[in-house]
Each structure stands twice: as C-alpha cells, then as structure tokens.
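# Architecture at a glance
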Amino acid sequence: MSAHASDAYLDTRVSLMISRLLDADAIARLAQLDLPVLAQRLGLEALLDEQPSVRARSRAIEQSLIQLLLSELQVLIRPMRGAEHELLLAWGRKFALYNLKTLLRGKLHALDPQHIREQLFDLPELIRLPHQRLFGAENVEELLRLLEAGPYRQIARQAREVYAQRREPFALEAAIDQHYHISIAREAAACEGHHAAPLRTLIGILFDRIDLLWLLRFRFCYKLPPSETFYHLLPSPGLLHRKRLLQLAELGSLEQVLAALPGALQEPLADCTNLAEVQRSLDRLSARAIEQVLHRSPSAMARALAYLIRREQDLGALFALLQGRLLGLSQSVIESALDLAPPDCRWPRAA
Amino acid sequence: MLRPTPMKHVRLLILNEDLAEASLALARTQCFHPDPRPPAESRLGERADHAYRDTFLQARGRFDKLARLILAEDESAPPALQPRVVEFAELEALNTWLGELWTKASSHEEELHRLDDEDRLAREQLAALANFSDLAIDLSILRRKTRFLDFHVGLVPRENLRQLQDALGLAGYLLHPYMNRDEQTHVVIVGPAEEREGSLQAVLNAAGFQSLPIPRDLDREPAERRRDLEAQRARIAEERAAAKQTLERWGSGFRERLRAARETLWLAEPLVTLDPVLRGSGPLIYLAGWVPARALRGLEQTLRATLSHPFDLGSRDPLPEERRLVPTVPNRSRLLAPFSLLVRQYGIPEYGEVDPTPLFAITFLLMFGSMFGDLGQGAVIALAALLFRPRLGRFWLFGVLAGCSSMGFGLMFGSVFGSEQLLPALWMSPLHDPLHLLSLALGWGVIFITLASILAIYNRLALGQWSEALFGHHGVFNLTFYLALIALALGVSRGDGIATLPLLLSTGSLLALAWHCWGHQHEPPVERLLVVTIDTLETILSYVSNTLSFLRVAAFSLNHVALSIAIFTLADMLHGVGQAAMIVAGNLFVIVLEGGIVAIQVMRLHYYEGFSRYFTGDGQEFMPLRLAAPEPRGAKAPHHL
C-alpha cells in the first residue's frame with residue numbers, strides 16, 4: 001500500500017472507530033445502570049456467568065477490555081510500515097510491561113506461580129512476552145537478562161543495571177516506566193514528514209501530564225532531591241520542556257510548582273491543593289487536548305494514536321464502573337471515580 | 001485410504017490414586033487425544049490443586065537451563081525408557097535438587113558474566129587511554145578527591161546522557177562527555193567534594209553509570225600502559241577459559257544424574273499435559289478424549305492391566321454437532337509423508353472429509369512430470385534429493401518421486417537434458433503437436449474439476465449437508481451444469497451443432513441454481529435479481545476460466561521444449577568448452593528456475609482448483625498424549641497405526 005493510500009485508509013478507519021468513543025453523557029448514562037443491564041449492554045454477560053468469584057470476574061472483564069483495545073491496535077497497525085508501525089507497537093507494549101512488572105513482583109516477593117499466572121494478561125503475539133521462559137528464571141536479574149535478546153532489550157538492560165546497583169523495586173519499576181516512555185518518544189521522533197509535528201504535539205500532551213504528576217509525587221510524596229526527581233522525568237516536546245522541568249524540580253512546594261507552570265497549565269490547576277486534585281484536572285485537560293488531535297489533526301498517524309489513548313481512557317472508565325458494581329460500591333464513589341461527581345472524601349494537603 | 005480413521009469419544013472415570021498410572025498408560029498407547037471440554041455433570045469441577053504441574057514446570061525450566069550448560073555436547077542416545085509412576089514427592093525432591101544445582105551453576109555463569117564485564121571495561125580503558133594521552137593536564141588528580149573537588153570517570157548509556165547531565169547540574173556537578181563508543185559514552189563528572197544534596201550516587205545509579213577506575217600509573221608511557229591493559233585482557237581471557245573448564249569439570253560430575261532427571265521429567269510429563277482437562281469431585285477423577293475406534297479395545301486392556309482400582313471407560317460415536325472438534329488421524333504412510341506436509345499447509349481435513357493426500361500425491365506427480373518431462377533433468381532432481389537427504393528431511397522422497405515422474409515423462413517425450421536427438425520418444429515430443437497437447441491439458445482439467453466436485457459432494461453428504469451437496473458451490477447442480485456445458489462445447493467443436501440434452505441439462509441446472517440463490521436473498525426484488533444474475537454469470541465464467549487454467553499444464557510442457565531449443569541454439573553458436581559450458585549452465589538454469597516455477601504452478605492448481613472445491617481444512621490434528629522419550633526396544637506400535 002502506498003503512503004497516500006495507507007494514510008487515507010487509516011484516516012477512514014479512525015473516523016469510523018471514533019463513533020465507538022464515549023462522551024461524558026454516555027458514561028453518565030451507563031453509570032446509572034445496574035450490573036446485569038450493564039453487562040448485557042456491553043456484551044459481557046457470558047463472561048460474568050462463567051467466572052466463579054468477584055475477583056475472577058473483575059479479572060476477566062479487564063482482560064476482555066484490554067483484548068478489545070489491542071485488537072483495535074492490530075487493525076490500525078495493519079497498513080503501517082517502518083517508524084509509524086514501531087510507534088504504535090511501542091505504545092501497545094505497556095500491557096506487556098504490566099505483565100513484566102507482575103513477573104518481577106512475583107520474583108521479588110516469591111509469590112505463588114498460580115497467583116502470578118492469574119495476574120498476567122493474555123496478549124497478542126505481536127507484543128507478548130515469553131512467559132514460560134520468564135517463569136523459569138530464578139531471580140530478577142536472570143529474568144531481565146532473558147529479555148535482553150528481543151524488542152524489550154533496551155528496557156530490560158537498563159532495568160537490570162539499575163536493579164543491580166540499587167536493589168530496590170521502586171528503582172526497577174521507575175526505570176521500566178521511564179524507558180518505556182523514552183522508547184515512545186524515540187519512535188515518534190523517527191516519524192517524518194507531515195506526521196512529525198502532530199505527533200510531537202500528542203506526545204507533548206502525554207508527557208506534560210506524566211511529568212507534572214511524577215514531579216509532584218517524587219518531590220513531595222517520596223521526598224526525592226531535585227536532581228534525582230529530574231532524572232526520572234521525561235523532557236516533553238510540549239509545555240514541560242527540559243529547561244522548565246529543571247526550574248520546577250528545584251521548587252520546594254506544590255503551590256510553588258503550580259504557580260510556576262506555564263499559562264496553559266497554570267490556569268486550570270490554580271485551585272488544586274493536592275495531588276489527587278491535580279491528577280483529576282490534568283486528566284480532564286489532557287482528554288480535551290487529545291480530542292482536539294483526534295478531530296483536527298492533519299496526520300492520520302497522530303489521530304490513530306490519539307484514538308487508542310482515548311479508547312484506553314474509555315475502557316478504563318468502563319472497567320472502573322463494572323468493578324464498582326461488582327464490589328457493590330456506592331453510587332457516589334463510582335461517580336467520583338468516573339469524574340462525574342467531586343470526591344466526597346478529603347485528601348490531606350501536600351507538604 | 002481416503003476415508004478418515006473412525007473415532008470414538010471416550011469418558012474415563014478413575015480414582016485419584018490411579019491418576020498418575022492412568023496418564024502413563026494413556027501416553028504409552030499413543031491413542032488418546034484429550035478433550036478439554038468440561039463434563040455435563042456440574043459436580044465434576046476443575047481441580048484446585050495444580051502443585052504437580054507447577055513443580056514440574058519449574059523443574060523442567062531448571063533442567064532446560066542446566067542442560068544447555070552441562071548436557072549441551074552430550075550426544076549419547078537416551079536409553080529406552082522404562083515406564084513408572086513419578087510420585088509428587090519424587091518430583092518435588094528432583095525440583096529442589098535441580099534448584100540447588102542451578103544456584104551453583106548460575107554462580108559459575110555469573111563468574112563468566114563478571115569476566116565479560118571486566119573485559120569490556122579493559123577494552124573501554126584501552127580506548128580511553130588514547131584520549132587521556134592527548135590531554136595536557138595531570139590526570140593523576142582524577143584518581144583522588146581533592147579538598148574542594150570530587151571526580152568520577154566512567155561510562156553511561158548514551159541514551160541517558162543528556163538527562164543525567166541536566167540532573168547533575170541541579171546537584172552542582174558538571175558532566176563532560178569525552179568519547180562515544182557503541183551505546184556507551186565516556187564521561188568525567190566534576191563537582192564539590194561534599195555532595196550538595198547527598199543524592200549523587202542515587203542519580204548515577206538510576207542512570208546506569210559505571211565507574212572506570214583511573215589507573216595509578218597514568219603518568220607512565222602510554223605504550224607501556226597499553227601493554228599492561230592488553231596483558232590484563234589476556235589474563236581475563238585465560239581466566240575465562242579456566243572458568244569454562246571448571247564449569248565443564250563441575251558439570252561432568254552431574255551428567256549421569258541429569259540424564260536420569262530428564263527421564264523422570266519425561267515420565268511425569270503426561271500427567272502435566274492432562275492437567276488442564278482433568279475434572280474431579282472428591283477422590284473421583286474425570287477425563288475425556290478422542291480415541292481411534294480400532295484402538296479402543298487395546299486401550300481398555302491396557303488400563304485394565306495397569307490400574308489397581310476400578311475404573312469406568314465409556315465410549316460413544318461423535319455427535320454431528322461435535323464434528324469440528326473430532327481430531328483427524330493424519331496419514332502415516334512414509335511414502336506420502338511429504339505430500340501430507342504440503343496438504344497440511346492448506347489445512348487439516350475435517351473429521352468425515354476425504355483426506356486428499358493420496359490423490360494429491362498422484363495428481364501432483366502426474367502434472368509435475370508432464371510439465372517438466374526430461375529424463376536427464378529428472379534424474380538430476382532425483383539424485384540431488386538423494387544426495388541432500390539429511391538436509392531435506394522428509395522432503396527427500398518428494399524430490400525423488402518428482403524426479404522419477406519427470407524421468408518417466410522424459411522417456412515418453414524423448415527428451416534428455418533438453419535434447420530430443422539422443423532418445424526416440426515413446427509417445428511424442430510436445431512441440432510436434434502443440435494443439436493436441438493443449439486439448440489433452442483441457443481434458444485433464446475437466447477430469448480434475450469433475451473429480452474435485454465429486455469429492456466436494458461426497459464430503460458434504462458425509463457431513464450431512466444435503467442442501468449444500470445439491471445446490472452449494474461445486475454441488476450436484478453445479479457439476480451437472482459443468483458437464484453439460486462441456487458436452488455442448490464438444491458438440492459445437494466437432495461441428496455437430498448444439499445438442500438438445502446437454503442444452504436442457506445446462507439450462508435446467510442453471511435455473512435451479514438461480515432459483516436456490518433467489519430463495520436465499522432477503523433484499524428487495526431488483527437487488528435480488530441483480531445478485532442472482534451476477535451469481536449465475538459467475539458460475540458460468542468460473543467454470544470456463546478454471547478449465548482454461550489447466551492449459552498451463554501443456555503450456556509449461558511446450559515452454560520446457562522451447563527453453564531447451566533456446567539453450568541448444570546458443571550452444572551451437574559456441575565451440576568446444578564454451579558449448580559444453582552453455583549446455584550445462586542452461587540445463588542448471590532450467591532445472592532450478594523452471595523446475596521451481598512448475599512446482600509452484602502445480603501447487604497453485606491443486607490449492608485453487610482442487611482443495612478450494614472440496615476441502616475445508618478446518619479440522620483438528622490428532623495429537624495423542626505420548627511420552628517424549630523413546631519407547632523401549634520391542635515395544636508394540638500404537639494400536640491405531
């Protein structure tokens with residue numbers, strides 16, 4: 001397929017798929033339904049009937065939603081070649097990294113293999129990890145060494161080196177997360193032509209959100225020093241670029257950081273007093289920005305990635321709703337999780 | 001030979017105590033294909049205890065890793081396996097021992113990794129030496145902390161460099177990269193002697209920084225220092241060889257026990273394979289599967305002779321709705337094995353369908369031979385297949401048979417290495433009467449398509465699809481139309497005009513097909529009419545084009561002769577060695593290129609004009625439970641073979 005034909009195909013595909021996305025009203029309507037009706041509406045009745053326990057049902061739902069998302073990724077990736085193909089694949093690898101973290105936690109805490117197996121997502125061949133071989137590893141280093149021959153080489157090598165020096169789970173998972181995002185930035189930077197600028201915008205939106213949350217968490221919850229905090233952040237092609245991150249990392253309180261943000265971020269976050277509020281506001285902000293890319297971007301590639309990110313948010317909301325119903329949580333808690341109502345519990349003020 | 005092996009669905013109820021024994025017995029008979037579906041009885045639930053499976057998987061993982069290190073060059077043939085039950089306690093003990101052994105083995109491996117890292121650092125130091133030697137400063141100060149400044153020299157992954165540089169800037173440190181090698185960058189970090197925030201090490205660790213020790217005697221002659229580093233590398237290489245020898249010596253003491261461990265794992269495997277299909281209630285275990293009907297009695301006898309407690313073995317014929325789940329026993333003939341592999345590329349015959357392998361073997365050889373008929377070139381193909389037998393695996397026989405077929409047709413065409421002067425044709429040279437050859441190819445096409453359609457009808461009748469057998473693609477009405485159309489065409493070509501009976505039959509069957517198509521449409525009448533018209537036209541066109549497709553059989557036969565003529569014409573322009581070289585090279589060209597193209601074309605004709613008509617390929621392959629190890633000498637062949 002030529003580049004123009006594949007762009008046209010991708011554009012049409014994304015335009016058709018957009019109709020599957022849920023707006024706030026649709027989520028609000030779904031939030032009013034009880035579990036049987038919700039399951040029927042989403043075609044999950046058989047899945048719920050087959051599972052014996054709440055935990056197993058919840059797991060089956062999550063698995064099914066991830067499979068749905070990844071099946072759409074496979075459809076979108078089909079006409080792509082080269083850097084574009086690699087970018088979507090790099091994005092999809094986050095689910096394999098969830099599995100990797102599960103396996104690593106299993107090794108770190110010597111968990112029951114059956115328990116670990118139940119926690120693993122069944123993923124398509126395209127991004128699947130060699131679970132059986134990884135299960136056979138006796139420790140974290142051996143497990144990561146096994147991954148060093150394949151597409152996860154960079155992530156696994158860096159994670160192993162970090163773990164060898166620091167021997168702590170936080171450093172290990174932080175290294176995995178950081179290098180996952182670096183791999184996305186690297187693949188996006190390799191996309192050329194008319195895709196380059198729109199993709200930079202989209203990656204900027206993603207990284208701005210992650211950076212601000214990580215910055216606040218590492219500095220003020222984990223009390224890491226500025227230099228270490230900065231090292232874990234991702235220079236964004238958006239608002240929180242390298243220089244700005246350097247300035248922000250040196251500030252001493254949440255209020256100072258929020259006050260020093262650039263205008264487009266400062267205004268919506270001005271009233272936030274804690275990390276949870278910042279996260280909610282940032283989620284709304286980035287969702288709006290992603291919508292803009294989805295509907296107005298001239299790049300089919302950027303639209304495809306924006307669609308996947310939005311779809312993941314939707315499926316996350318559906319999972320939260322179903323999970324809430326399965327656990328019998330109150331309507332107010334569920335609505336607050338779906339950002340349909342303000343939370344009814346107070347958060348401690350950040351230092 | 002074309003019919004599938006009749007199968008029975010069996011349900012086995014045993015006591016838990018007999019489970020391991022039963023799994024071994026089932027594996028030894030090699031006739032039990034597990035059925036993972038849960039039973040109708042809801043009380044027979046999934047078993048919660050998977051300890052045996054988990055222990056086995058861990059033990060096998062450990063064994064595989066150890067085998068790579070210790071049994072990698074062990075080429076001794078494994079002894080015949082004496083079946084015995086592997087109890088959980090034995091498996092657990094084996095797993096523990098393998099775990100301990102792996103801990104020791106991995107320490108040897110770690111030593112090798114350590115030496116590799118040391119060697120890498122020495123290489124980096126050698127590379128750095130050239131850079132250091134150009135600097136006009138006293139480098140020995142880099143080795144020590146001064147009163148005010150602290151120095152770090154080392155490597156950092158290039159990907160992390162920029163981020164580390166900025167992060168260190170926040171801590172008041174300067175990072176200076178001075179050399180890039182592969183994915184690493186050599187850097188010097190300079191900062192205040194007292195860390196501003198005490199976090200330098202944390203950042204360096206997070207960035208994967210590796211310190212490069214600054215040699216004490218850096219102010220010596222670079223050449224001298226280089227010699228030292230090279231000596232260090234030689235020492236590391238020696239140590240590495242010694243470590244490998246130590247590992248080898250250490251491992252040789254465990255070889256025998258590891259071979260025994262492999263046998264234990266082979267014996268434990270059948271029970272683990274059965275784990276996903278086992279259901280149970282209290283001491284009762286349920287398992288189900290598919291067994292070739294003629295192996296059923298033998299299976300029962302084996303179970304009776306093996307199990308120490310009562311058991312219940314029930315069997316029944318497959319239900320019509322289970323047909324897709326019933327496995328198909330593959331054709332075991334050694335002669336047909338390569339053809340069976342090619343059929344499997346298309347799919348596995350559904351249970352009840354005709355296995356096309358024998359028919360495919362005959363038609364493939366006939367078509368290949370007729371399209372590539374040459375005594376000499378056929379002999380080369382057959383000999384090459386014999387010569388490369390070890391490399392070709394089961395395909396060597398395919399090459400030999402294809403070569404023989406080519407030789408047979410070569411005799412009939414009188415062609416030896418493209419020359420038609422050396423041997424009289426037993427039949428005729430293709431180029432002497434091309435039109436006759438083309439007519440024969442068309443005739444062969446008609447026979448092939450008719451045969452494929454008959455098989456399609458048979459398969460549908462066997463699967464109980466009556467309507468499909470009558471009205472479906474390549475069903476009775478399609479075949480009637482096709483044969484009547486051929487009769488009409490023959491009449492016209494002979495000058496007999498349009499015969500009444502074929503005309504009536506072709507029109508009638510076409511109308512019947514159109515009526516059937518009309519009945520299955522739910523669109524508005526105009527759209528329906530359009531669909532029916534296009535469908536009917538498609539039926540006519542597809543049969544005509546499919547038959548014409550077989551002209552390529554004759555075309556390639558003619559092409560073969562034409563290519564040979566071209567080669568000899570070119571050879572005639574040369575003399576002596578040049579002439580001989582042209583004939584040899586030309587023949588090689590024909591064998592490799594034309595031979596390959598002909599093989600692909602024959603496959604294409606079979607896949608598209610044959611298999612697509614009568615073969616769904618949606619079946620399940622019969623994969624019985626079996627022991628991974630060799631059977632004891634003199635053991636009986638499985639009952640169903």
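Being a predicted model, the structure only gives us computed values, none of them experimental.

Parameters at a glance
Residues numbered from 1 in each chain as written. Chains lettered and ligands numbered in written order. Predicted model: local features only at pLDDT ≥ 70, side-chain atom pairs only at ≥ 80, totals over all residues. Helix = DSSP H or I, 4+ residues; strand = E, 2+ residues; numbered from the N terminus. Buried ≥ 20, exposed ≤ 12 C-beta atoms within 10 Å, placed from the backbone. Contact = placed C-beta atoms within 7 Å. Nonpolar A, V, L, I, M, F, W, Y, C, P; charged D, E, K, R; others polar. Expected span 1.5 Å × (residues − 1). Bend = angle between axes of the 7 residues up to and from the residue.

## Digging into the overall build of chain A
A tally of helices and strands in chain A yields 19 helices and 0 strands. Scored against the burial criterion, the 351 residues of chain A give a buried share of 36%. Sequence-distant contacts, at least 24 apart, represent 62% of the contacts inside chain A between residues at least 6 apart.

## Here's the deal with the interface of chain A and chain B
Taken together, the contact between chain A and chain B spans 23 residues of the former and 26 residues of the latter. Those elements that place two or more of their residues in the side of chain A that touches chain B are α7 (113–119), α10 (153–166), α11 (169–190), α13 (226–232) and α14 (242–249) of chain A. Sort the elements by how many residues they give to the side of chain A that touches chain B and α13 of chain A lands first, with 6 residues. For the side of chain A that touches chain B, a count of residues per class yields 11 nonpolar, 6 polar and 6 charged.

## A short note on the environment of Ala287 of chain A
Structurally, the position occupied by Ala287 of chain A is in helix α17 (residues 275–296). Remark: the alpha-carbon pair of Ala287 of chain A and Leu206 of chain A, spanning 81 residues in sequence, is separated by 9.7 Å.

## Side note on unusual backbone geometry
Outside of glycine, negative phi angles account for most residues, and trans bonds account for most peptide bonds. All names here are of chain B. Here the phi dihedral of Phe417 falls at roughly 50°; this positive angle occurs in a residue that is not glycine. Note on placement: Phe417 falls in the loop between α13 (396–413) and α14 (434–462). Phe417 sits in the buried class, given 21 other C-beta atoms within 10 Å. A positive phi angle, near 65°, is found at His474, a position not held by glycine. Mapped onto the elements, His474 comes out in the loop between α15 (466–471) and α16 (476–494).

## Some details on helix α7 (residues 255–274) of chain B
If you check α7 of chain B, its first and last C-alpha atoms are 29 Å apart, about what 20 residues at 1.5 Å a residue would give, namely 28 Å. When the local axis directions of α7 of chain B are compared, the greatest deviation, roughly 35°, occurs at Ala268 of chain B, which is followed within four positions by the proline Pro270 of chain B.

Remember that the coordinates give geometry; whether it matters functionally is a separate question.
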